[in-house]
Amino acid sequence: MFLTKEEEKMLEGEYGEATRIAMRLIVKVGEALGAQKLINVNSAQVSGVSYKNIGDPGIQFLEDLVRSGGRSKILSTLNPAGMDLKNWTMMNIPKEFAEKQLKIINLYMKMDILPTCSCIPYLIGNSPNYNEHIAWAESSAVTYANSVLGAKTNREGGPLALASALTGKTAYYGLHLKENRFPTHYIELKTELRNSTDYSVLGYLVGKKIRTGVPLFSNPKILPKVEDLKALSAGLATSGSISIFHIENYTTEAVLNKKQYQSEKDHMEKISIEEEDLKSIFDEYALTSNPDLIYIGCPHASIQEIRKLAHMLRKKKIKRDLELWIGTAANVKILADRIGYTNIIEKSGGRIITDTCIVVSPLKTLGLKRILTNSAKACYYLTALEKLDVGIAKLEDCVDTAVRGM
Ligand code: F3S
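Cut-offs used in this document
Throughout this description, residue numbers start from 1 for each chain and increase along the sequence as written. Per-residue local features are limited, in this predicted model, to residues with pLDDT of at least 70; the limit for side-chain atom pairs, both in listing and counting, is 80 or more; totals at the level of whole chains, interfaces and linings are taken over all residues. Each side-chain value is worked out from all heavy atoms of the structure, with water and hydrogens disregarded. Here, proximity means that at least one heavy atom of the residue falls within 4 Å of the molecule or strand. Residues are grouped as follows: nonpolar covers Ala, Val, Leu, Ile, Met, Phe, Trp, Tyr, Cys and Pro; charged covers Asp, Glu, Lys and Arg; every other residue, Gly included, is treated as polar. Partly exposed residues are those whose accessible area sits between 20% and 50% of the maximum for their type, while under 20% is buried and over 50% is exposed, using a 1.4 Å probe and protein chains only. Runs of E in the DSSP output that reach at least two residues are strands. Runs of H or I that reach at least four are helices, and both are numbered from the N terminus. This arc is taken over the directions from the axis of the helix to the C-beta atoms. Note on definitions: a residue-residue contact is assigned when non-hydrogen atoms from the two residues lie within 4.5 Å. What is meant by a nonpolar core is a set of buried Ala, Val, Leu, Ile, Met, Phe, Trp, Tyr and Cys residues, joined one to another through side-chain atoms within 4.5 Å. By convention here, the domain bounds are inherited from an automatic or database domain assignment. Buried area counts how much accessible surface, traced with a 1.4 Å probe, disappears from two parts once they are put together, with both parts' losses summed. For this document, the term salt bridge refers to a Lys or Arg side-chain nitrogen within 4 Å of an Asp or Glu carboxyl oxygen. Throughout this description, a polar contact denotes any pair of N or O atoms lying within 3.5 Å of each other; where both atoms belong to protein, one of them has to be capable of donating a hydrogen while the other can accept it, and for residues adjacent in sequence the pair is counted only when both atoms sit in side chains. Note: two strands are recorded as paired if DSSP finds a minimum of 2 bridges between them. Here, patches come from residues exposed beyond 30% relative accessible area and free of salt bridges, joined within 9 Å for like charges and within 5 Å for nonpolar side chains (Val, Leu, Ile, Met, Phe, Trp, Tyr). Surface accessibility in these figures is a Shrake-Rupley result with a 1.4 Å probe; residues are shielded only by whichever protein chains are displayed. The positive count covers Lys and Arg only, the negative count covers Asp and Glu only, and His and the chain ends enter neither. In plain terms, the charge of a residue is placed at NZ if it is Lys, CZ if Arg, CG if Asp and CD if Glu. Between N-to-C directions, angles cover 0 to 180 degrees, with each direction set by a line fitted to C-alpha atoms, over the stretch in contact for helices.

Some words on the site of the ligand
Then, in step 1: Taken together, Pro-80, Cys-119, Glu-138, Ser-140, Gly-297, Cys-298, Pro-299, Cys-357, Val-359 and Lys-377 are the residues near the ligand.
Then, in step 2: Its residues assigned to classes, the shell around the ligand comprises six nonpolar, two polar and two charged.

This is the structure in structure tokens:
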């Protein structure tokens, strides 16, 4: 691999041990994947934050990096942690877990990585432009950044995204190259997509069908909003290894390359999505009795989703044996607090939790068995990893269940 003089110095340890370790990792992975050179990246989204996921070996690794002078060279943000960093007692988090979790956050902050603890960095200040090279972990955010923003990133693992944060570099391969971003499958939408849960299910379904590649969706009748696109991104990245999609005449690269995509369409593999296909996923994740918890916020809820929820929950009461949690980023909650949405939600019996999500928090300590959510990604992981009974429903139906039961 070609390295500039500066990059060679980084690799030889002239800029400290942490930079050397990080550079070595990037170069090794790049070489294995056939990269010819490194490029600069402008931001990183680092995963591997929950103590549940990284454990004591992860803490040890971060401590070593801090001790050897690791500091982020670019704007870097963090994925969700294993608990609400402020209100963790409310989540029944054991004290020992909380102490370790706070230690992890502290170590990242020592490396100048922002404790955003959210999977929607693009809505809270880490929002790259079209064509900007970045190094992000968190599959849903990677897919959103590539597809909606037109930024360029591979789906990094946590250590590699951290290595990019510490060096400002990544290897030039995969989705950093224009030719790998070209659609491989044409997805003809023969059904209406009415809400973000439909988009979440659509993504999950298409990921399941094609597993890998770059889907180009036909133009939906009603154009998707930010919340729909974030749900679609998460769904696609869950059941497949899809990190970029396009929507005809709508997403940036589909508009810019319209003629080329049009002329190549006949050579792409075609898949039709009918109402029945979406229904099959709703049937796969159907609850037959009341859930213990209704969870909204996978990916983290936007302020618009919290606004909608506050309007729906005004003057309503959540059933006594049910909990409603809304997961979001801490700075989104600050807005919700200010305008009074949090107050309305809490008066109804719901809670806004920040910095975490139910997939990366130690759910077992909460004693939950049945969960209802509006996210196909949450359904998939909670079923596969936690062996819970999980159902999916659109936002309005989740609120209805919270208030009336099933
Ligand atoms: Fe985000 Fe957790 Fe879902 S990280 S995308 S809320 S699984």
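Some thoughts on helix α11 (residues 275-284)
Then, in step 1: Among all positions in α11, only Asp-277, Leu-278 and Ile-281 are buried. The arc enclosing the buried residues of α11, seen along the axis, measures out at 100°, which places them on a common side.
Then, in step 2: Those residues of α11 that are buried lie in contact with α7 (196-210), β9 (269-273) and β14 (389-392).

A look at the nonpolar core
Then, in step 1: With 98 residues, the main nonpolar core has Tyr-108, Leu-202, Phe-217 and Ile-371 as its most contacted residues.
Then, in step 2: Per element, the largest residue contribution to this core is seven residues, and it comes from α7.
Then, in step 3: Core analysis: the second largest hydrophobic core is formed by 27 residues, Ile-306, Met-312, Leu-322 and Ala-402 among them.

Focus: the domain arrangement of the protein
Then, in step 1: Taken as a whole, the protein is organised into domain 1 (5-178), domain 2 (182-282) and domain 3 (285-404).
Then, in step 2: Here the C-alpha centre of domain 3 lies 27 Å away from the C-alpha centre of domain 1.
Then, in step 3: Contacts between the two partners involve 26 residues from domain 1, matched on the other side by 23 residues from domain 3.
Then, in step 4: Both faces considered, domain 1 and domain 3 share a buried interface measuring about 1,800 Å² in area, 59% of it formed by carbon and sulfur atoms.
Then, in step 5: Considering only the surface of domain 1 that becomes buried against domain 3, Lys-52, Met-90 and Met-91 emerge as the three largest contributors, covering 29% of it.
Then, in step 6: Here domain 1 is connected to domain 3 by two salt bridges.
Then, in step 7: Here Glu-138 ties to Lys-377 by a salt bridge, and the two come within 3.1 Å at their closest N and O atoms.
Then, in step 8: Between domain 1 and domain 3 we count 12 residue pairs in polar contact (both at pLDDT 80 or more) in total.

Description of the sheet that holds strand β3 (residues 75-78)
Then, in step 1: Sheet architecture is open: three strands sit in the order β3-β2-β4, paired in parallel fashion. The open sheet has two edge strands, β3 and β4 (135-136), and neither has a second partner.

Observations concerning a negative patch on the surface
Then, in step 1: A surface patch of like charges, here negative, comprises Glu-6, Glu-8, Glu-12 and Glu-14.
Then, in step 2: Mapped onto the elements of the fold, Glu-14 is located in the loop between α1 (5-12) and α2 (17-32).

Observations regarding the sheet that holds β14
Then, in step 1: If you trace the five strands from one edge of the open sheet to the other, you get β12-β11-β10-β13-β14, paired in parallel fashion. Strands with a single pairing partner mark the edges of an open sheet, and in this sheet they are β12 (351-354) and β14. Here the strands of the sheet are splayed against their neighbours by 25° on average, with no regard to which way each runs.
Then, in step 2: Here helix α15 (residues 376-384) sits on the sheet and contacts β13 (370-373) and β14; the angle it forms with β14, its principal contact strand, is near 170°.

Thoughts on the environment of Leu-25
Then, in step 1: Residue position: Leu-25 is located in helix α2.
Then, in step 2: Overall, the relative accessible area of 31% leaves Leu-25 in the partly exposed class.
Then, in step 3: Residues Leu-25 and Thr-170 lie 145 residues apart in sequence; the distance between their C-alpha atoms is 9.9 Å.
Then, in step 4: Apart from residues no more than four positions distant in its own chain, Leu-25 is found in contact with Pro-159, Leu-160 and Ala-163.

Structural notes on the pattern of salt bridges
Then, in step 1: Enumeration over the complete set of coordinates arrives at 20 salt bridges.
Then, in step 2: Of the charged contacts in the structure, one is a salt bridge between Asp-56 and Lys-100, with a shortest N-O distance of 3.1 Å. Residue Asp-56 is found in helix α3 (residues 51-67), and its partner Lys-100 is found in helix α4 (residues 95-110); the two are separated by 44 residues along the sequence.
Then, in step 3: For Asp-56, a relative accessible area of 39% corresponds to the partly exposed category.

Quick notes on the environment of Ser-241
Then, in step 1: Tracing the backbone shows Ser-241 in the loop between α8 (226-239) and β8 (246-247).
Then, in step 2: Relative accessible area serves as the criterion here: at 45%, Ser-241 is assigned to the partly exposed category.
Then, in step 3: Along the chain, Ser-241 and Leu-335 lie 94 residues apart, while their C-alpha atoms are 34 Å from each other.
Then, in step 4: If near-sequence neighbours (up to four positions away) are discounted, Ser-241 is found in contact with Arg-155, Arg-211 and Thr-212.

So, unusual backbone geometry
Then, in step 1: Across the junction of Cys-298 and Pro-299, the peptide omega takes the value -5°, indicating a cis bond.
Then, in step 2: Structurally, Pro-299 can be placed in the loop between β10 (293-296) and α12 (303-313).
Then, in step 3: For Glu-138, which is not a glycine, the phi torsion comes out positive at approximately 80°.
Then, in step 4: By secondary structure assignment, the location of Glu-138 is in the loop between β4 and α5 (139-149).
Then, in step 5: Judged by its relative accessible area of 13%, Glu-138 falls in the buried class.
Then, in step 6: Positioned with a positive phi, Lys-315 is a non-glycine residue whose angle comes to about 60°.
Then, in step 7: On the secondary structure map, Lys-315 appears in the loop between α12 and β11 (323-328).
Then, in step 8: Relative accessible area serves as the criterion here: at 85%, Lys-315 is assigned to the exposed category.

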